[in-house]
Amino acid sequence: MILKEFSKSKKKINKFYFLTKIYFFISFPILILFLILFFQTSFWDKNKDEFYKRIHLNGIYNYKYIPKIVYLIATNFYYKLENFDLNISQENRIILEKNRKDKIDNNKIKFISARASINKNGQLNETIGTDIRLKGDRPIHYENIEYSSYRFNLDNDNFYNGLSSFSLQKPRIRNYIHEWLFHELSGELGLVKLKYQFVNLKINGARKGLYVLEEAFSNNLIEKNSRRVGPIFGLDEDYVSENFQDIKLDPYQKNYWNRSSNKDLFISVKNKILGFINRDLPLEQVMDIKKWANYFALCDLLSTKHGYAMKSVKFYYNPISGLIEPIPFDGHKMPGYNYHPKIKDIYLSLTRTAYDFKPSEGKWYQLFFFKKTGKINKEFFNEYLKSINLITTKEFLDSFFLDREKLINKFNAKIYLDSFVLDYPSDRKGGIGIYFFDKNNIYKRADYLRSHFSPNLNAITASDLGKEIEITNKDTKNNRIIIKKAECETWENEQKISNDLNLDLDLAEGINKIKKSNSEFFCHHLVLEDKITGSFFLLKIENDIASVNNHLTQNNYLNYFNENNKTLTLKNKFTLIDQNIIIPSGYVVKIKNDEEIKIINNAFIFSKSNWLVNGNAKNFVKINGDKNNFGGGILIHSNKKSHFKNVSFEHLNGLDFNNKFLNNNYSANGFTRTKINDAKENRYLYEFVPDNNYKNYLYGLRLFGALNIYDSIVEIENASFLNIASEDALNIINSKFFIKNVIFENISSDAIDFDFSNGKIIDSNFKNISNDAIDLSGSNVFIQNISLNNINDKSFSSGENSIVEINNVKITNSFIGIANKDGSKLEIRNSIFKNVQIPFASYTKKKNYNASSSNVYNVKVINSEIEYLLSETNNILLNNFYLKNNADNSEILSIIYRQDKKKLKNL
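Small disclaimer: the values here were computed from a predicted structure and weren't measured.

Asker: Outline the state of the cysteines, listing residues and values.
Answerer: Inspection of every chain in the model, using the stated rule, returns one disulfide. Disulfide partner of cysteine 488: cysteine 523, at an S-S distance of 2.0 Å. Note on the cysteine 488 and cysteine 523 pair: the S-S dihedral is about 95°, so by sign convention the disulfide is right-handed. Taken together, the positions of cysteine 488 in strand E14 (residues 481–492) and cysteine 523 in strand E18 (residues 522–530) put the pair 35 residues apart, joining distant regions of the chain. Across the pair, cysteine 523 and cysteine 488 agree in class, each one buried.

Asker: Please give an account of the sheet that holds strand E5 (residues 165–169) that cites residues and values.
Answerer: Within the closed barrel, the seven strands sit side by side as E1-E2-E3-E4-E5-E7-E6. Their pairing is mixed. Neighbour-to-neighbour, the strand axes of this sheet turn through a mean angle of 40°, independent of strand direction. Two elements, strand E6 (residues 196–203) and strand E7 (residues 206–215), share eight bridges in a ladder whose sense is antiparallel. Residue pairing in the sheet places tyrosine 196 in a bridge with glutamate 214 of E7. This element, helix H4 (residues 90–105), spans strand E2 (114–119), strand E3 (127–134) and E6 of the sheet and lies at about 20° to E3. Strand contacts of helix H5 (residues 177–188): E6 and E7, with the helix running at about 135° to E6, the strand carrying the most contacts.

Asker: Tell me about helix H8 (residues 260–277), and name the residues and values.
Answerer: Between its first and last C-alpha, H8 extends 27 Å over 18 residues, near the 26 Å set by a 1.5 Å rise per residue. Those residues of H8 not exposed but buried are Asn262, Asp264, Leu265, Phe266, Ser268, Val269, Lys272, Ile273, Gly275, Phe276 and Ile277. Phi for arginine 279, located one or two positions after H8, is positive at around 70°.

Asker: Give a description of unusual backbone geometry that names residues and reports values.
Answerer: A positive phi angle, close to 55°, is found at aspartate 330, a residue other than glycine. Looking at the element boundaries, aspartate 330 is found in the loop between strand E11 (323–327) and helix H11 (344–350). Its identity as a non-glycine residue notwithstanding, aspartate 822 has a phi of 50°, on the positive side. The topology assignment puts aspartate 822 in the loop between strand E43 (803–821) and strand E44 (825–843).

Asker: So what's going on with the nonpolar core? Residues and values would help.
Answerer: If you look at the biggest cluster of nonpolar residues, it comprises 94 residues, and the most contacted ones within it are Leu181, Trp292, Phe296, Phe368, Phe369, Phe380 and Tyr384. With residues up to four places along the chain from it excluded, the contact list for phenylalanine 369 reads Phe296, Ala354, Tyr355, Lys375, Ile376, Asn377, Phe380, Phe381 and Tyr384. Residues Tyr560, Ile597, Ala603 and Leu730 belong to the second largest nonpolar core, which totals 73 residues.

Asker: So, the packing of aromatic side chains: which residues are in play, and what are the values?
Answerer: Applying the stated criterion to the full structure yields 60 aromatic pairs. Seen in terms of ring centroids, phenylalanine 77 and tyrosine 78 are 5.4 Å apart; in terms of plane orientation they differ by 90°. Their pairing is edge-to-face. Judged by relative accessible area, which is 47%, phenylalanine 77 ranks as partly exposed. On the numbers, 5.4 Å between centres and 80° between planes, the contact of phenylalanine 400 with phenylalanine 401 is edge-to-face. When the ring centre of phenylalanine 329 is taken as origin, the NZ or CZ atom of arginine 174, which lies over that ring, is 5.1 Å away. The side chain of arginine 352 reaches across the aromatic face of phenylalanine 357, ending 3.9 Å from its centre.

Asker: Just give me the short version of the packing of helix H14 (residues 394–402) against helix H16 (residues 440–452), but keep the residues and values in it.
Answerer: Viewed as axis vectors pointing N to C, H14 and H16 meet at an angle of 160°, and their least axial separation amounts to 11 Å. If you check the angle between H14 and H16, you find them roughly antiparallel. Regarding H14 and H16, the two cross each other, and that crossing is right-handed. Of H16, the residues touching H14 (which contributes Lys394, Leu397, Asp398 and Phe401) are Ile442, Tyr443 and Ala446. Looking at the contact of H14 with H16 residue by residue, the class counts come to five nonpolar, no polar and two charged.

Asker: Give a detailed account of the packing of H5 against helix H10 (residues 289–302), specifying residues and quantitative values.
Answerer: Put simply, H5 and H10 touch, their axes get as near as 11 Å, and they point 145° apart. The chirality of how H5 crosses H10 is right-handed. Across from Leu181, Phe182, Leu185 and Ser186 in H5, the residues of H10 making contact are Tyr295, Leu298, Cys299, Leu301 and Leu302. Per-class residue counts for the contact of H5 with H10 are eight nonpolar, one polar and no charged.

Asker: Describe in detail the sheet that holds strand E10 (residues 314–318), supporting the description with residues and values.
Answerer: The antiparallel open sheet is built from four strands, whose spatial order is E9-E8-E10-E11. Edge positions in the open sheet fall to strand E9 (249–251) and E11, since each of these has one partner strand only. On average, adjacent strands in this sheet sit at an angle of 35° to one another, irrespective of strand direction. With five bridges joining them, E10 and E11 adopt antiparallel strand pairing. Bridge pairing in E11 places tyrosine 317 opposite isoleucine 324.

Asker: Hey, could you go over the environment of serine 720 for me, with residue numbers and the actual values?
Answerer: Among the secondary structure elements, serine 720 is positioned in strand E35 (residues 713–724). Spatially, the C-alpha atom of serine 720 lies 6.0 Å from that of phenylalanine 649, the residues being 71 residues apart in sequence. Serine 720 has contacts with Val647, Ser648, Phe649 and Ile743, leaving out every residue within four places of it along the chain.

Cut-offs applied
- Numbering of residues starts from 1 in each chain and follows the order in which that chain's sequence is written.
- Two thresholds apply to this predicted model, a pLDDT of at least 70 for residue-level local features and 80 or more for giving and counting side-chain atom pairs, whereas whole-chain, interface and lining totals are computed over all residues.
- Calculation of side-chain values draws on the structure's entire complement of heavy atoms; hydrogens and water are dropped beforehand.
- We call a pair of cysteine sulfur atoms a disulfide whenever their separation is within 2.5 Å.
- Put simply, DSSP H or I for four residues or longer makes a helix, DSSP E for two residues or longer makes a strand, and each gets a number counted from the N terminus.
- For every residue, the accessible area (1.4 Å probe, protein chains only) is compared with the maximum for its type, and the residue is labelled buried under 20%, exposed over 50%, or partly exposed between those bounds.
- By the convention used here, strands pair only if DSSP detects at least 2 bridges between them.
- Angular values range over 0 to 180 degrees, each being the angle between N-to-C directions of two axes fitted as lines to C-alpha atoms, with helices fitted over their stretch in contact.
- A contact between two residues is defined here by any heavy atoms of the two lying within 4.5 Å.
- Every helix has an expected span of 1.5 Å times one less than the residues it contains.
- Note on terminology: a nonpolar core comprises buried Ala, Val, Leu, Ile, Met, Phe, Trp, Tyr and Cys residues joined through side-chain atoms within 4.5 Å.
- Ring pairs shown here join Phe, Tyr and Trp side chains whose ring centres sit within 6.5 Å, with only the six-membered ring taken for Trp; geometry is labelled stacked below 30 degrees between planes, edge-to-face above 60, and tilted in between.
- Both a distance and an angle decide whether a charge sits over a ring: NZ of Lys or CZ of Arg must be within 6 Å of the ring centre and within 35 degrees of the ring normal.
- An angle counts as roughly parallel when it lies under 35 degrees, as roughly antiparallel when it exceeds 145, as roughly perpendicular when it falls between 65 and 115, and as oblique in every other case.
- Left-handed describes a crossing in which the near helix is turned anticlockwise from the far one by less than a right angle; the clockwise case is right-handed.
- Residues are grouped as follows: nonpolar covers Ala, Val, Leu, Ile, Met, Phe, Trp, Tyr, Cys and Pro; charged covers Asp, Glu, Lys and Arg; every other residue, Gly included, is treated as polar.

Shown next, in the form of structure tokens:
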């Protein structure tokens, strides 16, 4: 019976195959004939361009790359991504599913959190508790339960891959590999870089395919990017219009910034942002021009113009520079299709640069490119052009892809194994086209940008009108040009005499005139320089060009300094400064032997120019406050080297950001005056002085040093820091340094704080330091021949992945010798610790860092209370033997940061 049924079935199949062959045999010739006739008709000629456009716009053209996709998958098949194992109980899955369905019905409903756990490092027996919720402002994030996006907030003090808060979403949400490139290039350009990692998601063991882990905004993110913690803002998601008056800013780290000690900074930053958006404050006082220029150039190169949007990019306030930096986020390359000559016009029109949007279009980012008057902001535009010129060179792109091409191929292979529909339609629904990544499209975009922003010499004309040269520029993009000189000549005794006009003038839009010294000279050519690329051009004078002299703003620093040939020198040997002053860039500040700067009333000097200070061994240059009225200090932020030799710093208390307010309106009604306390060494007296005219408060900054060196190079030799009441006597940030033969004495907090800096400190002495003598964060420092006495806290404190080498130091009468923590590597040799309560300590303060390691060789310890403190996972290698951990991390933190003597005795 079974054989009979099988025989009937086989006959039916053979009949089906026979009819199928007949069908294709008849249909195929008919189809060929139809296509031949169709392509010969006028209908095809009229509509073929539209047909090709639709093929490319919808990603159908990408099907030609199927062989490449197959090859890429095959060659990277065995590459394994990290598994992200998520466990959710049935009860909590029901909570999320109900919230998802409610959200689909009413998108105004808020997301609800549930509980879940994550397997740590793939270990089933080690889990991390977390709150989990759905996320996203578009339905694509949550409309399909199989592809939902999630937000995680891990339980206190827990980290997954160094993160405590992050999102998981499908790669298509940010247009596949393009968002990863967006963050990678952000790091190359010195911007804050988020972790963006491809993972395989499993929920309760069930595979959910390829996802990306996207870091959230936190203090940890800022520290990882070698910056001091400051507020992070986003735009409230309810904000939809471009009416700037309606803007609401949404702060991250709310609990942190609601602390009373941080509220003033928080409000000050918020007012700065709103002041900039409403045109009440100029760009240069609010935004870090270079970093924003890099950001917009990044978006323009990668076509991540979604990142332009105010609700996409996030704002980080740098409390050192007092300026706001962008945090690249949600760049989302748009459009999703790739460049092709068939759609060149459409492609270029939809990928306009940030500059191409005019002020009348109401885009917020035009506040950067244009001033309130509608004129171009030259300073920002030139920085933007420098950024474009940098990142669009073949050399830059080749280097960028050389380091990452293998990873890009591996990630794309996993994308092609998952789901890769074209991310094009505005309603975010899937189409019939597919995604394909081709790096050549980025090179083509780079070529376009270089061409788009290259000098337009056709828009420049010049005429010699006898007494003057009239120059017209009709293209603002020519703002990058400098008029170096006008080539002029005359005839005398039948001899041609040259008399060039050396100008060095910036070219500006519109008409300007250059006066000639002698109208008898005939000027025939202009020599122009592209200040972005350094290229030179020769322009015949018979048309127009405009030039502008840039005069330096006469700020109050000229009340104290003479200016001569870009050098600033003091007007008097004794100079009293009682107000904050700003020294612009482009100068060198020179202080000579026998000169003294006395700073009082907490006044602070902000210098964008480097300082050369040279006293002699017998007569130090003095940069001091008054012992009964301390001054603030100095910030030097210059890319040129500063040098301090034979200099004393005394009676300074740092930046004033702690004064009282009048009715919370940030108008100070007085200030705190700092005085020497003759009764107690290294203790200071504080007196509030009523003064409604006091102007030296600076609530929007966080500078902790009496002398602050930021993003610069400095040498300090034969100097002293005495009676300093600031958080740090010397704070060196993101800089290179060399310090030799410097004395720190009677310092109320830290003597030196190195933040993300590299250099050497040798032959120096520290005495009576109330807090740490040398504090290092993310720094690489060599230390030799140092004497430390009476250090109330840590003689050396290294953290945040510092690398420290110490040789030949002597520490006496101090609390802690070496405190090494948070991923730092420290080596100390040939040293003596006498009457040091805790010679060595190695522990974890911030859990998002790896273990620290300390190598100790030939160090003599005399009279300590305990030999060392060592917590689990950290290492101390003492003379080639690893010490055993002898305390819980929490106990060590209590002993060191609360100086809990009871716990110390119990160990």
